[in-house]
Amino acid sequence: MEITYNKTSNNDKKVELDKIKKKCLSCQKCPLGKTRTKLVFSSGNPNSKMMLIGEAPGYWEDVKGEPFVGKAGQLLDKIFASVGLSRENDVYICNTLKCRPPDNRDPLPEEKEACREHLDAQLNIIKPQIILLCGRVAVQSMLDTNLGITKIRGKWFDGPNGCKMMPIFHPSYLLRNDSREKGSPKWLMWQDIQEIKRVYDTIKSE
Ligand code: URA
């Protein structure tokens, strides 16, 4: 997959993102544009060098129009905070789909395809140096692999325009797996977020 970043200054980013958001608000490329309550475009800092891509809005995201604000989102905030990162300042957060699939079912291939242009537009404006692929759906959108998340989480992959991408567990998976023992999903997430912070600090000071 080829994404070619255009040059966009920090000041232009908000204007450009607002244009894409407007496009999403009137998008009817798939039926989810009719069934959603609110568009869930993004949150966080568009000037951050790190972007997180999740799956799709759930119930609370659809109600509030913001990504990762339900239980999974609260856990995500804690994971970032555990290494001194904040969602407001250190990461730009969005999803593979901008509208909620009914009953939180998995996004359909045609929905992912229809929404792809919006994700690519966000990537082109944000120009992240680190992309966190949060869960299976985000991994499948950005990486050409059939390997499960358990096999590839915590590894760095080459992303568009020289950026680094790391698959990480989705927080809703962590909510279903309570153990913190060595080797458990939560323990692995703790290893991954420390590695993410280490690399984030190096690019932040560049
Ligand atoms: N899960 C996601 O993948 N994204 C959200 O915004 C909320 C829950």
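Everything that follows concerns the structure shown earlier in this document.
Only a predicted model underlies this, so the values are computations on that prediction, with no experimental measurement involved.

J.: Would you mind going over empty space enclosed by the protein with me for this structure?
T.: Remark: the empty space left among the atoms is shown by a probe the size of a water molecule rolled over them. Within the structure shown, the criterion is met by one cavity of 30 Å³ or more. Its volume calculated, the largest cavity comes out at about 110 Å³. As for the largest cavity, its lining consists of 14 residues, and the residues nearest its centre are Cys27, Cys30, Cys99, Cys115 and His118. Secondary-structure elements contributing two or more residues to the lining of the largest cavity are helix H2 (32-35) and helix H5 (109-126). Counting residues per element, the lining of the largest cavity draws most heavily on H5, at four residues. Residue composition of the lining of the largest cavity, grouped by class: nine nonpolar, two polar and three charged.

J.: What is the right way to look at the nonpolar core in this model?
T.: A general trend in soluble globular proteins is that nonpolar side chains are found buried together. Counting 56 residues, the largest nonpolar core has Leu52, Ile53, Leu132 and Leu133 as its most contacted members. Among all residues touching leucine 132, those that are not within four sequence positions of it are Met50, Met51, Leu52, Ile53, Phe80, Met166, Ile168 and Ile196.

J.: What is the right way to read the sheet that holds strand E6 (residues 164-168) from this model?
T.: In any sheet, the strands associate via hydrogen bonds between backbone groups, in a parallel or an antiparallel arrangement. Read across the open sheet, the six strands follow the order E1-E3-E2-E4-E6-E5; overall the sheet is mixed. If you trace the sheet from one side to the other, it starts and ends with strand E1 (43-44) and strand E5 (157-158), each paired once. One ladder, built from five bridges, connects strand E4 (residues 130-134) with E6; its direction is parallel. Paired with leucine 132 across the bridge in E6 is methionine 166.

J.: Looking at this model, I keep getting lost on the packing of helix H1 (residues 10-25) against H5. Mind explaining?
T.: Each pair of packed helices can be described by the angle between their axes along with the distance between the axes. It is at 10 Å that the axes of H1 and H5 come closest, and there the two elements cross at 175°. By the angle between their directions, the pair H1 and H5 is classed as roughly antiparallel. The residues of H5 that touch H1, namely those facing Lys13, Glu16, Leu17, Ile20, Lys23 and Cys24, are Glu117, His118, Ala121, Gln122, Ile125 and Ile126. Classifying every residue of the contact of H1 with H5 gives six nonpolar, two polar and four charged.

J.: Teacher, can you tell me more about the layout of surface pockets here?
T.: Taken as a whole, the largest pocket spans an internal volume of roughly 630 Å³. Contributions of two or more residues to the lining of the largest pocket are made by helix H3 (59-64), helix H4 (71-81), helix H6 (136-142) and helix H8 (171-176). Here the lining of the largest pocket is composed, by residue class, of eleven nonpolar, eight polar and seven charged. For the second largest pocket, the lining is made up of 14 residues, of which Leu75, Lys78, Ile79, Arg180 and Lys186 are closest to its centre. Those elements that provide at least two residues to the lining of the second largest pocket are H4, H8 and helix H9 (185-204). The residue makeup of the lining of the second largest pocket, split by class, is eight nonpolar, two polar and four charged.

J.: Got a minute to help me understand the site of the ligand in this structure?
T.: Near the ligand you find Gly54, Glu55, Ala56, Glu61, Pro67, Phe68, Asn95 and His170, and these make up its full shell. Within the contact set of the ligand, an oxygen atom lies 3.0 Å away from a backbone nitrogen or oxygen of phenylalanine 68. At a separation of 2.8 Å, an oxygen atom of the ligand approaches a polar side-chain atom of histidine 170. Against a free-state accessible area of 240 Å², the protein chains account for coverage of 91% of the ligand. When atom positions are compared with the pocket grids, the ligand is found to occupy the largest pocket. Here the residues of the shell around the ligand are counted per class, giving three nonpolar, three polar and two charged.

J.: I keep staring at the environment of glutamine 28 and nothing clicks. Help me out?
T.: If you trace the backbone, glutamine 28 turns up in the loop between H1 and H2. For the pair formed by glutamine 28 and cysteine 115, sequence separation is 87 residues and the distance between their alpha carbons is 10.0 Å. Beyond its immediate chain neighbours, meaning those up to four positions away, glutamine 28 contacts Gly33 and Lys34. Of the polar contacts made by the side chain of glutamine 28, one reaches the side chain of lysine 34; its length is 3.3 Å.

Analysis parameters
Residues numbered from 1 in each chain as written. Predicted model: local features only at pLDDT ≥ 70, side-chain atom pairs only at ≥ 80, totals over all residues. Heavy atoms only, no water. 1 Å grid on protein atoms, 1.4 Å probe; cavity = no way out; pocket = protein on both sides within 12 Å on 5 of 7 lines; lining within 4 Å. Points joined across faces, edges and corners; volume = space filled by probe spheres on them. Helix = DSSP H or I, 4+ residues; strand = E, 2+ residues; numbered from the N terminus. Nonpolar A, V, L, I, M, F, W, Y, C, P; charged D, E, K, R; others polar. Core = buried A, V, L, I, M, F, W, Y, C linked by side-chain atoms within 4.5 Å. Buried < 20%, exposed > 50% of the residue type's maximum accessible area, 1.4 Å probe, protein only. Contact = heavy atoms within 4.5 Å. Pairing = 2+ DSSP bridges. Axes fitted to C-alpha atoms, helices over the stretch in contact; angles between N-to-C directions. Parallel < 35°, antiparallel > 145°, perpendicular 65-115°, else oblique. Near = heavy atom within 4 Å. Polar contact = N/O pair within 3.5 Å; in protein donor to acceptor, adjacent residues only side chain to side chain. Areas by Shrake-Rupley, 256 points an atom, 1.4 Å probe, with all protein chains shown as cover. Sits in = over half its atoms within 2 Å of the grid points.

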